[in-house]
2 protein chains.
Amino acid sequence: MKIAIDAMGGDYAPKEIVAGVELSRDENPDIQYELFGITDEIKKYLKNDQNIVITQADEVIEMGEEPVRAIRKKKQSSLVLAAQSVSDGKNDAFFSAGNTGAVLAAGLFIIGRIKGIDRPGLTTTLPIVNGKPGMSDKFLMLDVGANADSKPLNLYQFAFMGKYYAQNVLNIENPRVGLLNNGTEPDKGDMLHKEVHELLAANKDLNFIGNVESRELLNGAADVVVTDGFTGNAALKSIEGTALSMLRLIKHGITDGGLRDKMGALLLKNVFGSIADQMDYSKYGGAMFLGLKAPVIKSHGASKAEIVKNSLAQIKTIHESGMISDLVDYVNDHQAELDAIKESVKNRK
Amino acid sequence: MKIAIDAMGGDYAPKEIVAGVELSRDENPDIQYELFGITDEIKKYLKNDQNIVITQADEVIEMGEEPVRAIRKKKQSSLVLAAQSVSDGKNDAFFSAGNTGAVLAAGLFIIGRIKGIDRPGLTTTLPIVNGKPGMSDKFLMLDVGANADSKPLNLYQFAFMGKYYAQNVLNIENPRVGLLNNGTEPDKGDMLHKEVHELLAANKDLNFIGNVESRELLNGAADVVVTDGFTGNAALKSIEGTALSMLRLIKHGITDGGLRDKMGALLLKNVFGSIADQMDYSKYGGAMFLGLKAPVIKSHGASKAEIVKNSLAQIKTIHESGMISDLVDYVNDHQAELDAIKESVKNRK
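Model, not experiment: these values are computed from the prediction.

The rules behind the values
- Residues numbered from 1 in each chain as written.
- Chains lettered and ligands numbered in written order.
- Predicted model: local features only at pLDDT ≥ 70, side-chain atom pairs only at ≥ 80, totals over all residues.
- Heavy atoms only, no water.
- Helix = DSSP H or I, 4+ residues; strand = E, 2+ residues; numbered from the N terminus.
- Rg over C-alpha atoms; globule rule 2.2 N^0.38 Å.
- Buried < 20%, exposed > 50% of the residue type's maximum accessible area, 1.4 Å probe, protein only.
- Contact = heavy atoms within 4.5 Å.
- Areas by Shrake-Rupley, 256 points an atom, 1.4 Å probe, with all protein chains shown as cover.
- Lys, Arg positive; Asp, Glu negative; His and termini not counted.
- Charge placed at Lys NZ, Arg CZ, Asp CG, Glu CD.
- Expected span 1.5 Å × (residues − 1).
- Least-squares fit on C-alpha atoms with pLDDT ≥ 70 in both.
- Domains from an automatic or database assignment.
- Buried area = accessible area lost by both parts, 1.4 Å probe.
- Salt bridge = Lys/Arg side-chain N within 4 Å of Asp/Glu carboxyl O.
- Polar contact = N/O pair within 3.5 Å; in protein donor to acceptor, adjacent residues only side chain to side chain.
- Nonpolar A, V, L, I, M, F, W, Y, C, P; charged D, E, K, R; others polar.
- Pairing = 2+ DSSP bridges.
- Axes fitted to C-alpha atoms, helices over the stretch in contact; angles between N-to-C directions.
- Phe/Tyr/Trp six-rings, centres within 6.5 Å; stacked < 30°, edge-to-face > 60°.
- Lys NZ or Arg CZ within 6 Å of the ring centre and 35° of its normal.

**Some points on the overall build of chain A**
Phase 1: The helix and strand tally for chain A stands at 13 helices and eleven strands.
Phase 2: Expected size for 349 residues packed as a compact globule is a radius of gyration near 20 Å; at 21 Å, chain A falls within 12% of this value.
Phase 3: Summarising its shape, the C-alpha atoms of chain A cover approximately 60 × 60 × 35 Å along the three principal directions.
Phase 4: Taking all 349 residues of chain A together, the buried fraction comes to 60%.
Phase 5: Counting only contacts in chain A whose residues sit at least 6 apart along the sequence, the fraction spanning at least 24 positions is 71%.
Phase 6: Carbon and sulfur atoms form 49% of the exposed surface of chain A, whose accessible area is close to 14100 Å².
Phase 7: Positive and negative charge centroids in chain A, built from 40 and 46 side chains respectively, lie 3 Å apart.

Here it is in structure tokens:
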């Protein structure tokens, strides 16, 4: 397979992007990598160009730029050229650690949506840290921020896109799909989530287990957590922030403590390491804009080589599973059903 | 002052409610407590009835009951009679650890809203665990779940109600008010939050610091975090769930570990205790339905005596600060402004 890489996107680009690509290449001799960016900069860090080609891009989209304007103005940017190469069929997938909005805009306007999918959902994998026996050790959440305002049909589509991802990438045979809501009872929620609950409960192709609350996500409340991009973003960032704060609290408690605390910390080093590791969901790879014609993966702006490598491994899994063509087929086969839902929601208003 | 207490609400009622009231009474000889509930049940646990009277209530509203129906049907319930006593002027404030929806419904329909406030906001206090020097060690968040669907004016009102609470109860002179959003830039958010940002930025009585992200809440991003009840609920429960999961991870890591891990844990006992303590926001008391004519405080269903005592201390602070009458005055003085906002938002649609 062939992957297009925005070598200039991210806080540590191009150094860590290049290093991550080389780590990936060393493990995957069957992948071809095309790095888009400022050739001289990339060459500074590239040790061995086996299976790696560089394509010059004269411009760079910065983190703070307004996304749609950036991709329209900077046609020669690494991000735009990388996305364009996927649209042209030269590459199979697109990876960037750059400006999230610009990656989404490039995905939407250059690579394009799957026919029948109204909006892509930003999809991330998080750890299940207190799950029951037999559960997966990861769950999926979408949308965590591609869309600020969502309609019932968008969340409905996220549910079955999430199902395909969980089956193909997380290897969960019959994923439990839950709707993130403000209570578990079926009648809970705002107008949007009440409508979505009805739609999901009526779909017999989904293993819909009802509403789930954000308090239970890390306990494995569902394998696929469906949410609107505004709430999902708040929940994801709350989980991140709390995990980081607690790790810092432990660290400070120990740093500010006496010899006793420091000895205790030394003895518990493995335990702390494993906790930090379990909470660090970026090790599973980046977030995927699910609903586009090709895999578009965005990793954290602060991504280092290891995360870039893991994101590329995730892309390989997605590509080899054929999940996107399966999704295209599913949407084609169910177009009448999706149209009917769009109509029924419209008429209820 | 006089406090009406729903002695039958909560998982450990009436035992822990009665015990908490006695702890509070021992510290506050100037408070009169009226316990509403099944007299025989309450008497089983009441050791000393000094400053405590019991009023018989024949019915109990259960946790799972539909709130509005419950308060309409069970007129002789402890929850309804306690709220009624505040409405009748016999008590100054209402406390319950029972059915949250029923407490809200009793607050709305029996005690009533402050004139000019459209919807109350459920207000909770959370710890700032990694704040900067000079910051408060707590912040306020509202609405965390009183309303599933919100309008821009609701959030605008939450902002100045939160300001009064932070000043009067947390003793923060000029509280920094932030809007929970999906990014810090002023143009971020869904339609609702974009409108609210404009309204708050235009209010010169508020120290509005702009948008804040949920990742930064525990780092002290703002003293008053304004949010809609759906998103706020998801953020609060994510923080709770993550903190609990991490404490459990540490505990399991140690339990499943060898002698080395157990020794380390023993040495770090104080550090872990202080972390659990810092993350346990219920120690600050219950959540308040801010915007009602009297203090209405709801603590966790699982509240034990210590939390009941702390919630009663919180009620005393609120009462003595006179914040509710200050709020009434502010709304009266600014009614024209609030009406104008309501009109302007309507016209924009």
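**Quick look at helix α1 (residues 15-27) of chain B**
Phase 1: With 13 residues, α1(B) extends 19 Å between its outermost C-alpha atoms, agreeing within 8% with the 18 Å of an ideal straight helix rising 1.5 Å per residue.
Phase 2: Of all the residues in α1(B), the buried ones are B:E16, B:I17, B:V18, B:G20, B:V21, B:E22, B:S24 and B:R25.

**Some details on the relation of the copies chain A and chain B**
Phase 1: Each copy superposes on the other: chain A lies on chain B with an RMSD of 0.0 Å after a rotation of 180° and an axial shift of 0.0 Å. Taken together, the rotation and translation describe the operation of a two-fold axis. Proximity to the rotation axis, assessed at the C-alpha, singles out A:G264 in chain A; its C-alpha lies 2.0 Å from the axis.
Phase 2: Both copies contact each other with a shared surface, as 100% of the interface residues of chain A are interface residues in chain B too.

**Focus on the domain arrangement of chain A**
Residue and element names in this part refer to chain A.
Phase 1: What the domain assignment reports for chain A is domain 1 (1-116 + 291-321) and domain 2 (118-288).
Phase 2: Here the C-alpha centroids of domain 1 and domain 2 sit 26 Å apart.
Phase 3: Counting residues at the interface gives 19 residues for domain 1 and 18 residues for domain 2.
Phase 4: Overall, the association of domain 1 and domain 2 removes approximately 1500 Å² of surface from exposure, summing both partners, and the carbon and sulfur fraction of that is 60%.
Phase 5: Applying the counting rule to domain 1 against domain 2 returns zero salt bridges.
Phase 6: Joining domain 1 to domain 2, the criterion identifies five residue pairs in polar contact (both at pLDDT 80 or more).
Phase 7: Those elements that provide at least two residues to the side of domain 1 that touches domain 2 are α5 (100-111), β11 (296-298) and α11 (305-321).

**As for the interface of chain A and chain B**
Phase 1: Facing 51 residues of chain A, the contacting portion of chain B comprises 51 residues.
Phase 2: Both sides together, the interface formed by chain A and chain B hides about 4700 Å², and carbon and sulfur atoms give 64% of it.
Phase 3: A salt bridge links A:E213 to B:K237; the shortest N-O distance between them is 2.2 Å.
Phase 4: Taken together, chain A and chain B are joined by 16 residue pairs in polar contact (both at pLDDT 80 or more).
Phase 5: When residues of the side of chain A that touches chain B are traced back to their parent elements, those giving at least two are α7 (191-201), α8 (229-255), α9 (259-267) and α10 (269-279) of chain A.
Phase 6: Ranked by the residues each element gives to the side of chain A that touches chain B, the list is headed by α8(A), at 21 residues.
Phase 7: Looking at side-chain class alone, the side of chain A that touches chain B contains 24 nonpolar, 17 polar and ten charged residues.

**Thoughts on unusual backbone geometry**
Phase 1: Of note, the bond from A:L142 into A:D143 is cis; its omega dihedral lies within 30 degrees of zero at 0°.
Phase 2: Position of A:D143 relative to the elements: it lies in the loop between β6 (138-142) and α6 (152-168).
Phase 3: The phi angle at B:N51 is positive, at roughly 60°, despite the residue not being glycine.
Phase 4: Positive phi values are uncommon outside glycine, yet B:N171 reaches one of about 60°.
Phase 5: Among the structural elements, B:N171 can be located in the loop between α6 (152-168) and β7 (176-180).
Phase 6: Among the residues examined, B:N171 registers a relative accessible area of 65% and is labelled exposed.

**Let's talk about the sheet that holds β6(A)**
Residue and element names in this part refer to chain A.
Phase 1: An order of β3-β2-β1-β4-β11-β10-β5-β6-β9-β7-β8 is seen for the eleven strands of this open sheet, with the pairing classed as mixed. This sheet does not close on itself; its edge strands, each paired only once, are β3 (52-56) and β8 (207-212). On average, each strand axis in the sheet is tilted by 25° relative to the strand beside it, whichever way the strands run.
Phase 2: In the sheet, strand β2 (residues 32-37) pairs with β3 via five bridges, with the strands oriented parallel. Looking across to β3, one finds that E34 is bridged to V53.
Phase 3: Against the sheet, α6 touches β5 (121-127), β6, β7 (176-180), β9 (224-226) and β10 (287-290), its axis set at about 165° to β9.

**Points about the side chain of B:R25**
All names here are of chain B.
Phase 1: Structurally, the position occupied by R25 is in helix α1.
Phase 2: Look at R25 and you get buried, because its relative accessible area is 4%.
Phase 3: A polar contact is formed between the side chain of R25 and the side chain of D26, at a distance of 2.8 Å.
Phase 4: Contact partners of R25, with chain neighbours within four places excluded, come to Y33, N48, D49, Q50, N51 and I52.

**Considerations on the environment of A:D6**
Residues and elements named next belong to chain A.
Phase 1: Considering the arrangement of structural elements, one finds D6 in strand β1 (residues 2-6).
Phase 2: In sequence terms D6 and I17 are eleven residues apart; their C-alpha atoms lie 8.4 Å from each other.
Phase 3: Contact partners of D6, with chain neighbours within four places excluded, come to I17, F36, S78, L79, A82, F94, F95 and S96.
Phase 4: A distance of 3.1 Å separates a polar atom in the side chain of D6 from the backbone nitrogen of M8.
Phase 5: Here the side chain of D6 touches S96 through a polar contact of 2.8 Å, side chain to side chain.

**Let's talk about the packing of aromatic side chains**
Residues and elements named next belong to chain B.
Phase 1: A complete count under the given rule lists six aromatic pairs over all chains for this structure.
Phase 2: Where Y156 meets F160, the ring centres are 5.9 Å apart and the plane angle is 80°; that geometry is what we call edge-to-face. One end of the pair is Y156 and the other is F160, both in helix α6 and four residues apart, which spans about a single turn. Pair check on accessibility: Y156 and F160 agree, each one buried.
Phase 3: Looking at F160, the relative accessible area reads 2%, which means it is buried.
Phase 4: In this arrangement the basic side chain of K304 is found over the ring face of Y12, its NZ or CZ atom lying 4.6 Å from the centre.

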